[in-house]
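Report on the structure
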Amino acid sequence: MSIDKSSPSFVYAEEISFFRASPRLARTHTTFTLPNVISTYIFEIEIPQNAINSLQKIVINQQTNMETIDFFPDQTKAFIINNNQQKINVKAINNFSDNKNELIIELEPSIPSGNTLKLEVKARNPLYGGIYQFGVTAYPQGNNPRSLYLGIARFHFDQPGGRF
């Protein structure tokens, strides 16, 4: 059986972008755990020197829970944090298709390997507390990027009402 290389579905291996070494979800936390307040969710991602490709896009996907978290994409910020903190431009949008609650963050410019990225995502904490989980996926720069799932960020939010 021969492969038709002129077919639009055929992709050469050198046309696929991927990380040679995995970026790592290093730290996550939130500035407030109180219910129903605006908070900043912080995600730090380390990109190893031998990753080769730059980090172009991050997708944060809320796992199914009692409530859907409201992200504020226009208030999303990104920084390279090595010896100092350098601000990076971002374009962030919500994706609610297929019963998903995703925040898609495009980095402009992409983050080269050997750096640490800090994302600050504004969101409204849930009214009903508990543990909420967010899957984090990274995409390299280039054509036909292959995503890499970095893991889960877990945030614990307080219950409303206090003590009885």
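Before reading on, note that the structure itself is shown above.
To start, this report covers the structure provided alongside it. (Residues numbered from 1 in each chain as written. Predicted model: local features only at pLDDT ≥ 70, side-chain atom pairs only at ≥ 80, totals over all residues. Heavy atoms only, no water.)

**Here we look at the packing of aromatic side chains**
Enumeration over the complete set of coordinates arrives at 8 aromatic pairs. Between Tyr-41 and Phe-155 the ring centres are 5.0 Å apart and the planes differ by 50°, which places this aromatic pair in the tilted class. You can see Tyr-41 sitting in strand β2 (residues 38-46) and its partner Phe-155 sitting in strand β10 (residues 148-157), a full 114 residues away along the chain. An identical accessibility class is assigned to Tyr-41 and Phe-155; each is buried. (Phe/Tyr/Trp six-rings, centres within 6.5 Å; stacked < 30°, edge-to-face > 60°. Helix = DSSP H or I, 4+ residues; strand = E, 2+ residues; numbered from the N terminus. Buried < 20%, exposed > 50% of the residue type's maximum accessible area, 1.4 Å probe, protein only.)

**Things to note about the pattern of salt bridges**
One pass over the structure, following the stated rule, counts 4 salt bridges. Across the pair Arg-27 and Glu-44 runs a salt bridge, and its minimum N-O distance is 3.0 Å. Of the two residues, Arg-27 sits in strand β1 (residues 24-30) while Glu-44 sits in strand β2, which places them 17 residues apart along the sequence. For Arg-27, a relative accessible area of 44% corresponds to the partly exposed category. The salt bridge involving Lys-100 is made with Glu-102; its shortest N-O contact spans 4.0 Å. For Lys-100, a relative accessible area of 35% translates into the label partly exposed. (Salt bridge = Lys/Arg side-chain N within 4 Å of Asp/Glu carboxyl O.)

**Focus on the nonpolar core**
In this structure, Tyr-41, Phe-43, Leu-55 and Ile-60 are the most contacted members of the largest nonpolar core, which totals 32 residues. Elements represented by at least two residues in this core include exactly β2, β3 (55-62), β5 (77-81), β6 (85-95), β7 (102-111), β8 (116-124), β9 (130-140) and β10. Beyond its immediate stretch of four places on either side in the chain, Ile-60 contacts Phe-43, Phe-71, Asn-101, Glu-102, Leu-103, Ile-105, Leu-119, Val-121, Phe-134 and Gly-135. (Core = buried A, V, L, I, M, F, W, Y, C linked by side-chain atoms within 4.5 Å. Contact = heavy atoms within 4.5 Å.)

**Section: the environment of Ile-42**
Secondary-structure assignment places Ile-42 in strand β2. Filtering out sequence-adjacent residues up to four positions away, Ile-42 remains in contact with Arg-27, Thr-28, His-29, Thr-31, Lys-118, Leu-119, Glu-120 and Phe-155.

**Quick look at the environment of Met-66**
Along the chain, Met-66 falls in the loop between β3 and β4 (70-71). In the structure, Met-66 is positioned 62 residues away from Tyr-128 in sequence and 7.8 Å away in space, judged by C-alpha atoms. Look past the residues within four positions of Met-66 in its chain and what remains in contact with it is Tyr-128 and Tyr-132.

**Let's talk about the layout of surface pockets**
Empty space within the largest pocket amounts to approximately 170 Å³. Asn-61, Gln-62, Gln-63, Thr-64, Asn-65, Met-66, Glu-67, Thr-68, Asn-99, Lys-100 and Asn-101 are the residues that line the largest pocket. (1 Å grid on protein atoms, 1.4 Å probe; cavity = no way out; pocket = protein on both sides within 12 Å on 5 of 7 lines; lining within 4 Å. Points joined across faces, edges and corners; volume = space filled by probe spheres on them.)

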